[in-house]
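Reading the structure
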Amino acid sequence: MDQVPSSAPPTSASPTPATPHAHPSHPTSLGHGLLVMGDLWNLLIVREALAGPVRFGDLKAALAISDPVLTRRLRDLLSDGVLEADGPRQEYRLTDAGEDLWPAFVAINAWDRRWAPNSPLRVRVRPRHLTCGHRFDPVFGCGVCGAIGLSARDTEAARDPAVPAEAANPRRRYHRSASAAGGDAPIAAAAVLADRTSTSILASAFLGIHRFGDFQRLMPDTAPHTLTTRLSLLTHQGILTKTPLQEGSRRTGYRLTPKGHDFFPTFAFLIAWSEQRFSADGLAGVRITHRTCGESLRPRWTCNACNGALTATSVDVGYTPRSPAPGIAE
Ligand SMILES: [Zn+2]
Ligand SMILES: [Zn+2]
């Protein structure tokens, strides 16, 4: 699996920035970082890179991904500063920005364990807290005031007023169908964050959007048909539910189910990552406030075994090596 693939993998010879850039033309897109990671293939590629440097052939074998799709995703992840490529062996490794995604993967793993324990797409990590030595169940909290056990209901998410609505548009459109998530298998988090449209819908739902027309206004570039399809898919996946907007009303809207609400830590960590890595002015297009302390939420994981805060240096994410993918079709 080490042969040079027929289509040349992206190289670092192109002017790849050493550090993530702030996308001057898209200064504060609705969590550009959220949209970078809100893509099934990008998630799976970064998941593989969590275990260490990977080569084009390794990724192709592990993910059963076509050359053009893998080439495009790698190019984007290089340009977004999540991966870097080096050496004659052309290995791809996580940059510091990529490494900083660990809390989001802990979040995705926790969601998968709860809602999709047997899905082939689930993120197989077994994170361990090095400080106490335990494999932990992460407890979500606010790093500003130290409160733990938070859920979306303890917070308020609002669009950053400084960010124009157009910024919500995906910078690039990925023509991936979300149907890789199809069938009746439990839906893994990676499949829910299948593409940028689904991810934008989920983000909008956390912003309190319920009506079709309001989703449309936040995502003006998404064709109504696509929006309808994705809303149906998320409903089918049990992430959203279609309910009357008011009791007794005939007009219906979409609301997050408990399973959908459980995505909140993933959402919060990706927003925080995006703010830190993709926005020159510290805005991510979404502001999440912790109601109790009134501050901008700084998401933090706590170890349920020792109550210590989980940090990059005290957590071993423990991703177990790549295994052949269950034949995900493009
Ligand atoms: Zn707080
Ligand atoms: Zn611990």
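The structure displayed is predicted, hence computed values, not measured ones.

1. A short note on the overall build of the chain
Along the chain, the regular secondary structure elements total twelve helices and eleven strands. A buried classification covers 47% of the 330 residues belonging to the chain. Counting contacts in the chain only where the partners sit at least 6 residues apart, residues at least 24 apart contribute 73% of the total.

2. Points about the sheet that holds strand β1 (residues 54-55)
Read from one edge to the other, the open sheet built from three strands follows the order β1-β3-β2, with strand pairing classed as antiparallel. Two strands bound the open sheet, and with one partner strand each, they are β1 and β2 (83-86). Summarising the sheet, β1 and strand β3 (residues 91-94) pair through two bridges and their orientation is antiparallel. In the sheet register, R55 faces β3, and the bridge partner there is E91. Packing against the sheet, helix α4 (residues 67-79) makes contact with β2 and β3, and its axis sits at approximately 105 degrees to β2.

3. What about the confidence of the model for the chain?
On average, residues of the chain score 78 in pLDDT, and 75% of them reach the 70 mark or higher. Throughout residues 1-29 the model reports pLDDT below 50, and contacts reaching past four residues in sequence, or to other chains, amount to 63 contacts. Confidence drops under a pLDDT of 50 for residues 323-330, and excluding neighbours within four residues, the segment shows 15 contacts in the predicted structure.

4. Observations regarding the pairing of strand β10 (residues 299-303)
Summarising burial for β10: five of the five residues are buried, a large majority. Both faces of β10 are covered, namely the face carrying P299, W301 and C303 and the face carrying R300 and T302.

5. Digging into the packing of helix α8 (residues 196-206) against helix α10 (residues 224-236)
For the pair α8 and α10, the least separation of the axes is 10 Å and the interaxial angle reads 70 degrees. The angle between α8 and α10 falls in the class roughly perpendicular. Once α8 is placed against α10, the crossing between them reads as right-handed. Here α8 contributes T197, S198 and I201 to the contact with α10, which in turn contributes T226, R230, L231 and L234. Grouping the constituent residues of the contact of α8 with α10 by class yields three nonpolar, three polar and one charged.

Conventions we followed
Residues numbered from 1 in each chain as written. Chains lettered and ligands numbered in written order. Predicted model: local features only at pLDDT ≥ 70, side-chain atom pairs only at ≥ 80, totals over all residues. Helix = DSSP H or I, 4+ residues; strand = E, 2+ residues; numbered from the N terminus. Buried ≥ 20, exposed ≤ 12 C-beta atoms within 10 Å, placed from the backbone. Contact = placed C-beta atoms within 7 Å. Pairing = 2+ DSSP bridges. Axes fitted to C-alpha atoms, helices over the stretch in contact; angles between N-to-C directions. pLDDT = per-residue confidence, 0-100. Parallel < 35°, antiparallel > 145°, perpendicular 65-115°, else oblique. Left-handed = near helix turned anticlockwise from the far one by under 90°. Nonpolar A, V, L, I, M, F, W, Y, C, P; charged D, E, K, R; others polar.

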